[in-house]
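Structural overview for review
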Amino acid sequence: MSRKEGQARILTKKELKDVISSINGQKYEKRNIAILMMSFKVGLRAKEIASITLDDVLTRSGKSKYNSAKLKYESNKTKWESDETKWESNDLKDSFTLRSAVTKGSKVDSAYLASKIVRESILEYLSERVMMFQRGEIDNLFLTKRGKPFTPQSMSQLFMAMSKLSGIEFSSHSGRRT
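Here is what the cut-offs are and how they apply
Residues numbered from 1 in each chain as written. Predicted model: local features only at pLDDT ≥ 70, side-chain atom pairs only at ≥ 80, totals over all residues. Heavy atoms only, no water. Helix = DSSP H or I, 4+ residues; strand = E, 2+ residues; numbered from the N terminus. Buried < 20%, exposed > 50% of the residue type's maximum accessible area, 1.4 Å probe, protein only. Areas by Shrake-Rupley, 256 points an atom, 1.4 Å probe, with all protein chains shown as cover. Axes fitted to C-alpha atoms, helices over the stretch in contact; angles between N-to-C directions. Parallel < 35°, antiparallel > 145°, perpendicular 65-115°, else oblique. Contact = heavy atoms within 4.5 Å. Nonpolar A, V, L, I, M, F, W, Y, C, P; charged D, E, K, R; others polar. Patch = residues over 30% accessible without salt bridge, like charges linked within 9 Å, V, L, I, M, F, W, Y side chains within 5 Å. Salt bridge = Lys/Arg side-chain N within 4 Å of Asp/Glu carboxyl O. Lys, Arg positive; Asp, Glu negative; His and termini not counted. Charge placed at Lys NZ, Arg CZ, Asp CG, Glu CD. Phe/Tyr/Trp six-rings, centres within 6.5 Å; stacked < 30°, edge-to-face > 60°.

1. Section: the overall build of the protein
- Counting its secondary structure elements, the protein contains eight helices and two strands.
- Traced from its N-terminal end to its C-terminal end, the protein shows the element sequence α-α-α-α-α-β-β-α-α-α.
- Considering the protein as a whole, with its 178 residues, one finds that 46% of them fall into the buried category.
- Total accessible area computed for the protein in this model is approximately 10100 Å², and 49% of it derives from carbon and sulfur atoms.

Structure representation (structure tokens):
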């Protein structure tokens, strides 16, 4: 199937696996894989991914577990083990609402975290998220290497960097089309 000029490229399953393989072992591997899954498996736009908060995806017990892990890490960074907190599937909501301010057409929409691979990627990322440097309380799920929330532009730039690293042409919008 050919694509129209200006449309994002659709990746094959093998190409998506190759992109993920190129990220393995890289800094922020877990974050970047979770972001890819939110794009390719949930179908979210860069702006929507950048706006996801911890409250959007964590259940009450998940949020409690996250806050507890954060306190443990803050009080004893040298001895804290990232695998100390056992994240479970029920720590994540099944779906969340995308606010109209971040969706195309300013429509309220829902995102579903039904896929096992999506849930696993977020759960694996949470321990990394606990340890990410941040100034003040930042509720965004995904943070930049400087510990700040992604902007839609910086999220798109991350997709471009992952594309370049993998040698496979794709954009932040490819996930919606794949």
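2. Considering the packing of helix α2 (residues 29–40) against helix α7 (residues 152–166)
- With their axes 11 Å apart at the nearest point, α2 and α7 run at an angle of 105° to one another. The pairing of α2 with α7 is recorded here as roughly perpendicular in orientation. Facing R31, N32, I35, L36, S39 and F40 of α2, the residues of α7 in contact are M155, L158, F159 and M162.
- Class assignment of the residues belonging to the contact of α2 with α7 gives a composition of seven nonpolar, two polar and one charged.

3. Points about a positive patch on the surface
- On the surface, a cluster of positive charge is made up of K27, K145, R146 and K148.
- We classify K145 as exposed; its relative accessible area is 61%.

4. As for the packing of aromatic side chains
- Applying the stated criterion to the full structure yields two aromatic pairs.
- Here the aromatic rings of F40 and F170 are separated by 6.0 Å at their centres, their planes lie at 70°, and the arrangement is edge-to-face. Of the two residues, F40 sits in helix α2 while F170 sits in the loop between α7 and α8 (174–177), which places them 130 residues apart along the sequence. Side by side, F40 and F170 carry an identical accessibility label, which is buried.

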